Amino acid sequence: MAISLEDDAVHALNRAAAAAARECSEAIAPRDILAGVISQADPTLLEILSHLELDPGTLPHKLRNLPETYDGHLPFTSAAHEVLAAAVEAASAAEPGGTRSAHLLLGVARAGGPRSSAVLNDWGLNSNALATALAPQRAPEAAANHDTVQAASGTATALLIAATLSLACAPDPGADPPPPPPDPFAATPADGPVPDIGPAPTDYRPTAAGAPSTDIWIGRIERVAGGALQIRDLVNATDRDGYDNQPAFDPSGTAVYYTSAVDSTQTETSRYLLEDGAAEQVTHTPGASEFSPTPIPAQDAFSAIREERGRQFLWRYGSDGSDLGPIFATVEPVGYHAWANGTVAAMFVLGDPPTLQVGDALSGEVRTVAENPGRSIHRIPGSGDVSFVRKVADEDWWIERLDPVTGETTRLVATPSGREDYAWTPEGEILIGDGARLLVWSGEAEWREAAHLDEADGGDISRIAVSADGTRIALVRNRQ
């Protein structure tokens, strides 16, 4: 069984990858497919849209202005899998032939999830009307003995389409490989050299000395009818006494970085390999500890909080554990952080009160944008914005959206009482732990329960991470 993609669909999906890469996303989501389809401006599609009295020019600008090609490779999110399956099914239901960009648009309308559906609804697109308009359209006749997909699972369809794209867009085998991109960061931070750390204060107690005993559980995220989340196959990946915490998936989704205590005074960065089910130590830094390892967008590197003799700086390491040096010299002590893009970081900086600061690693500019943030900071998928918890009062905590360019914030939702650790899915949902319950927020007024974990397996859920394609989840729980 094969899938036939017409040229306009191939180009639209290449533009979709460019849309995801432009936002430093690690996977292609339905909104990226929508952007790719509209930017492709296929004449057949434009004719259909004109018949429906829909003007692509009224859509947001970022949906209409994309590069023609993308040279890298990005996976599809689980929701994008369903879009592709719906597109192929719509194309094959008409008659044997290829899947066109118009079918991709119909796939987004039928299976794209709440974020892309909101865009299409605001635009005035009705999926039934689009399907009716597509009916008279005849795709080119299929080649003799060519099978088309009648009904395939989203994952299988996405894999076949990915293979098709790789063949359609493969570089010339005779061409020289492109040189590796230059390192965007200077050896010395743009805001100056890191000051001499000096001896530790007499009252210094390493953070690792007070760390609790925690485990990282890894499972699968599945979607059921209506798009609801289910958590399956949870496995204790770090089952031992000691601090294993602060998980972060690598961009490929094949491994999870995390902080692991090697003794009562020091932590290192480790990596859990999902396919092998094995862990490996990545960094080896005697005299210093690392916390909160976080992959840096568009780099073969990760950042971490480096604690050395009582000082805490944001530091960079190669994926092989090599020490690439400090990122900022004047921001200290850093407690937690997230990347808005490949060069701009949002940082929780300890103090009285603690502050949220945004720093540009290229210019060295650092600005304070909020006070009393929580420790959970994340880039919002599909955007250049970040989110954080603002602790207004003891019982008044809010997840807020921050535009790191303007410093403007928008309240999204209040957290459950006393809870601050959360994560985003690629589809724009927020997951948060409340005891043994995993709650989800999709833009409604209230949190909904997505899963209730076995309380015999561990304590409260704290930190959470979700893979770029939305199919894997990592949860931290205290050991019983």
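Residues numbered from 1 in each chain as written. Predicted model: local features only at pLDDT ≥ 70, side-chain atom pairs only at ≥ 80, totals over all residues. Heavy atoms only, no water.

J.: For the overall build of the protein chain, give the residues involved together with the corresponding values.
T.: On a plain count of helices and strands, the protein chain comes out with eight helices and 24 strands. Burial status across the protein chain gives 54% buried among its 480 residues. In the protein chain, of all internal contacts separated by at least 6 residues, the share reaching a separation of at least 24 is 53%. Carbon and sulfur atoms provide 49% of the accessible area of the protein chain, an area that totals close to 21100 Å². (Helix = DSSP H or I, 4+ residues; strand = E, 2+ residues; numbered from the N terminus. Buried < 20%, exposed > 50% of the residue type's maximum accessible area, 1.4 Å probe, protein only. Contact = heavy atoms within 4.5 Å. Areas by Shrake-Rupley, 256 points an atom, 1.4 Å probe, with all protein chains shown as cover.)

J.: Tell me what's going on with the sheet that holds strand β3 (residues 244-249), and back it up with residues and numbers.
T.: The pairing of strands in a sheet comes from backbone hydrogen bonds and takes either a parallel or an antiparallel form. Spatially, four strands are ordered β3-β4-β5-β6 in an open sheet, and the strand pairing comes out antiparallel. The open sheet has two free edges, formed respectively by β3 and β6 (278-281), since each of these has just one partner strand. The sheet shows a mean angle of 30° between the axes of neighbouring strands, taken without regard to direction. Sheet topology places strand β5 (residues 267-273) next to β6; four bridges connect them, and they run antiparallel. (Pairing = 2+ DSSP bridges. Axes fitted to C-alpha atoms, helices over the stretch in contact; angles between N-to-C directions.)

J.: Give me the lowdown on the sheet that holds strand β19 (residues 422-424), citing residues and values where you can.
T.: Pairing is antiparallel in the open sheet, where four strands are placed in the order β19-β20-β21-β22. Edge positions in the sheet fall to β19 and β22 (448-452), since each has one partner strand and no second. Ignoring which end each strand starts from, the neighbouring axes of this sheet average 25° apart. Taken together, the three bridges between β19 and strand β20 (residues 430-434) define a ladder with antiparallel strand orientation.

J.: Can you lay out the nonpolar core for me, pointing to particular residues and giving the numbers?
T.: The biggest cluster of nonpolar side chains holds 40 residues, and the ones touching the most others in it are Ile-28, Ile-33, Leu-104, Leu-105, Leu-120, Trp-123 and Leu-125. The set of elements that each furnish at least two residues to this core consists of α1 (7-22), α2 (30-40), α3 (43-51), α4 (78-94), α5 (101-111), α6 (113-123) and α7 (127-134). Per element, the largest residue contribution to this core is eight residues, and it comes from α1. Apart from the residues lying within four places of it in its own chain, the contact partners of Ile-28 are Ala-16, Ala-17, Ala-20, Ile-33, Leu-74, Pro-75, Phe-76, Thr-77 and Ala-80. The next biggest cluster of nonpolar side chains, apart from the first, holds 17 residues, and it includes Ala-261, Phe-328, Trp-339 and Ala-345. (Core = buried A, V, L, I, M, F, W, Y, C linked by side-chain atoms within 4.5 Å.)

J.: Before we move on, could you go through empty space enclosed by the protein and cite the residues and values that matter?
T.: Following the criterion strictly, the structure yields five cavities of 30 Å³ or more and no others. Of the voids in this model, the largest cavity is the one considered here, and its volume is about 830 Å³. Lining the largest cavity are 40 residues; nearest its centre among them are Ala-248, Thr-294, Ile-377, His-378 and Arg-379. Only β3, β7 (289-295), β11 (334-339), β15 (378-379), β19 and β23 (461-466) provide two or more residues apiece to the lining of the largest cavity. For the lining of the largest cavity, the per-class residue count stands at 23 nonpolar, ten polar and seven charged. (1 Å grid on protein atoms, 1.4 Å probe; cavity = no way out; pocket = protein on both sides within 12 Å on 5 of 7 lines; lining within 4 Å. Points joined across faces, edges and corners; volume = space filled by probe spheres on them. Nonpolar A, V, L, I, M, F, W, Y, C, P; charged D, E, K, R; others polar.)

J.: Talk me through the layout of surface pockets; I want residue IDs and the actual numbers.
T.: The volume enclosed by the second largest pocket comes to roughly 870 Å³. Of all the secondary structure elements, the ones that give two or more residues to the lining of the second largest pocket are α1, β4 (255-261) and β9 (311-318). Partitioned by chemical class, the residues of the lining of the second largest pocket number 16 nonpolar, eight polar and seven charged.

J.: How would you sum up the packing of aromatic side chains? Please name residues and give values.
T.: Applying the stated criterion across every chain yields a total of four aromatic pairs. When the ring of Phe-302 is compared with that of Tyr-317, the centres are 5.5 Å apart and the planes differ by 20°; the resulting orientation is stacked. Taken as a pair, Phe-302 in strand β8 (residues 301-308) and Tyr-317 in strand β9 lie far apart in primary sequence, 15 residues in all. Of the two residues, Phe-302 and Tyr-317, neither departs from the other in class, the shared state being buried. A ring pair is formed by Tyr-336 and Phe-348, whose centres lie 5.3 Å apart and whose planes are at 75°; its orientation type is edge-to-face. Here Phe-348 lies in strand β12 (residues 344-349) and Tyr-336 lies in strand β11, a separation of twelve residues in the sequence. Taken together, Tyr-257, Phe-302 and Tyr-317 form an aromatic cluster joined through their ring pairs. For Arg-306, the ring lying beneath its charged end belongs to Trp-315, and the centroid distance is 4.6 Å. A cation sits over an aromatic face here: Lys-391 above Trp-397, 4.2 Å from the ring centre. (Phe/Tyr/Trp six-rings, centres within 6.5 Å; stacked < 30°, edge-to-face > 60°. Lys NZ or Arg CZ within 6 Å of the ring centre and 35° of its normal.)

J.: Can you lay out α5 for me, pointing to particular residues and giving the numbers?
T.: Burial analysis of α5 places nine of its eleven residues in the buried class, which makes it a mostly covered element. Residues of α5 that are buried: Ser-101, Ala-102, His-103, Leu-104, Leu-105, Leu-106, Gly-107, Val-108 and Ala-109.

J.: Residue-level account of the environment of Ile-377, with values.
T.: Looking at where Ile-377 falls in the secondary structure, it is placed in the loop between β14 (366-371) and β15. The exposure class of Ile-377 is buried, given its relative accessible area of 6%. Measuring from C-alpha to C-alpha, the distance between Ile-377 and Glu-420 comes to 9.7 Å, with 43 residues separating the pair along the chain. Beyond its immediate stretch of four places on either side in the chain, Ile-377 contacts Tyr-336, His-337, Ala-338, Ala-346, Met-347, Phe-348, Leu-356, Ser-387, Phe-388 and Tyr-422.

J.: Which residues make up the pattern of salt bridges, and what are the values?
T.: It is possible for side chains of opposite charge to pair when their charged atoms get near one another. Inspection of the entire model under this criterion finds 25 salt bridges. In this structure, the salt-bridge partner of Arg-306 is Asp-323, at a minimum N-O distance of 3.4 Å. Here Asp-323 lies in strand β10 (residues 323-326) and Arg-306 lies in strand β8, a separation of 17 residues in the sequence. Judged by relative accessible area, which is 11%, Arg-306 ranks as buried. Measuring nitrogen to oxygen at the nearest pair gives 2.9 Å for the salt bridge that ties Asp-434 to Arg-437. Look at Arg-437 and you get partly exposed, because its relative accessible area is 28%. (Salt bridge = Lys/Arg side-chain N within 4 Å of Asp/Glu carboxyl O.)

J.: Please provide a residue-by-residue account of the side chain of Asp-8, values included.
T.: Note that Asp-8 resides in helix α1. For Asp-8, the residues in contact, after removing those within four places along its chain, are Gln-40, Asp-42, Arg-100 and Ser-101.

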